[in-house]
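If you want the building blocks of each chain, they are given just below.
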Amino acid sequence: MFMTYLTPLALLVFGLSALYFAFIFPRGKDERTSTILKSAYQMAYYVMLIALAILFIVAKYSGIDSLDEHFKEAVMVVLLMAHLTFVASAVYYNWKM
């Protein structure tokens, strides 16, 4: 049931971010664009790493049976969080720099 809402939400987020990067984000091969993308990727990587670590710890030691049934959805939520962090960071750094 949860997946019926998560998949369209993920597709919407990925589609909107693709439109942002295709039409609004600067396309230049300059140092500024490189710095923005590098910083955004670092932020998203750390968010994903921490969220996955928390997810695995909770799944292993909590004893919550429903988490085992919905582990794929939880990983997809973590990936969606990392992607949102990447896009939000890229937008912020593009505006700030």
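Residues numbered from 1 in each chain as written. Predicted model: local features only at pLDDT ≥ 70, side-chain atom pairs only at ≥ 80, totals over all residues. Heavy atoms only, no water.

Asker: Would you mind showing me how to read the overall build of the protein chain here?
Answerer: For the protein chain, the count of helices and strands is 4 helices and 0 strands. Secondary structure of the protein chain in N-to-C order comes out as α-α-α-α. Since a compact globule built from 97 residues should have a radius of gyration of about 13 Å, the 16 Å found for the protein chain marks it as more spread out than a globular shape. Each of the 97 residues in the protein chain was classed as buried or not, and the buried ones make up 29%. Partitioning the intrachain contacts of the protein chain with sequence separation of at least 6 by distance along the chain shows that 77% fall at a separation of at least 24. In the structure as shown, the protein chain presents an accessible area of about 6,900 Å², 72% of it carried by carbon and sulfur atoms. Here the protein chain contributes 7 positive and 6 negative side-chain charges, whose respective centroids are spaced 15 Å apart. (Helix = DSSP H or I, 4+ residues; strand = E, 2+ residues; numbered from the N terminus. Rg over C-alpha atoms; globule rule 2.2 N^0.38 Å. Buried < 20%, exposed > 50% of the residue type's maximum accessible area, 1.4 Å probe, protein only. Contact = heavy atoms within 4.5 Å. Areas by Shrake-Rupley, 256 points an atom, 1.4 Å probe, with all protein chains shown as cover. Lys, Arg positive; Asp, Glu negative; His and termini not counted. Charge placed at Lys NZ, Arg CZ, Asp CG, Glu CD.)

Asker: Would you mind showing me how to read the confidence of the model for the protein chain here?
Answerer: Fine structural detail should not be taken from predicted coordinates in areas where pLDDT scores are low. Looking at the protein chain as a whole, the pLDDT averages 88, with 94% of positions reaching at least 70. Put simply, helix α3 (residues 65-69) is where the protein chain has its lowest mean pLDDT, 69, and helix α2 (residues 31-61) is where it has its highest, 92. (pLDDT = per-residue confidence, 0-100.)

Asker: Hey, could you run me through the environment of Gly28 in this one?
Answerer: Checked against the element boundaries, Gly28 lands in the loop between α1 (2-23) and α2. For Gly28, a relative accessible area of 39% translates into the label partly exposed. Through-space distance from the C-alpha of Gly28 to that of Tyr93 is 15 Å; in sequence the pair is 65 residues apart.

Asker: Just checking my understanding: could you explain α2 for this structure?
Answerer: Two residues of an α-helix separated by three or four positions point the same way, owing to the 3.6 residues in each turn. Between its terminal C-alpha atoms α2 stretches 45 Å, which fits the 45 Å expected from 31 residues at 1.5 Å a residue. Once α2 finishes, Gly63 follows within two positions and takes phi at roughly 80 degrees, a positive value. (Expected span 1.5 Å × (residues − 1).)

Asker: Just checking my understanding: could you explain a nonpolar patch on the surface for this structure?
Answerer: Together, Tyr45, Tyr46, Leu49, Ile50, Ile54, Val58 and Ile64 make up a nonpolar patch on the protein surface, roughly 670 Å² of accessible area in all. Examined against the element boundaries, Leu49 turns out to sit in helix α2. (Patch = residues over 30% accessible without salt bridge, like charges linked within 9 Å, V, L, I, M, F, W, Y side chains within 5 Å. Salt bridge = Lys/Arg side-chain N within 4 Å of Asp/Glu carboxyl O.)

Asker: Sorry if this is basic, but what is going on with the nonpolar core here?
Answerer: Note on soluble globular proteins: their nonpolar side chains tend to be buried together. Judged by nonpolar contacts, Tyr20, Phe25, Ile36, Ala40, Ala44, Phe86, Val87, Ala90 and Tyr93 together constitute the single largest core of 9 residues. Listing elements by their share of this core, those giving two or more residues are α2 and α4 (71-96). With 4 residues, the top contributor of residues to this core is α4. Ignoring any residue separated from it by four or fewer positions in sequence, one finds Ala90 in contact with Tyr20, Phe21, Phe25, Ile36 and Ala40. (Core = buried A, V, L, I, M, F, W, Y, C linked by side-chain atoms within 4.5 Å.)

Asker: When you look at the environment of Thr35 in this model, what are you seeing that I'm missing?
Answerer: Its place among the elements puts Thr35 in helix α2. Accessibility expressed as a relative area gives 31% for Thr35, which makes it partly exposed. Spatially, the C-alpha atoms of Thr35 and Lys96 are 12 Å apart, while their sequence positions differ by 61 residues.

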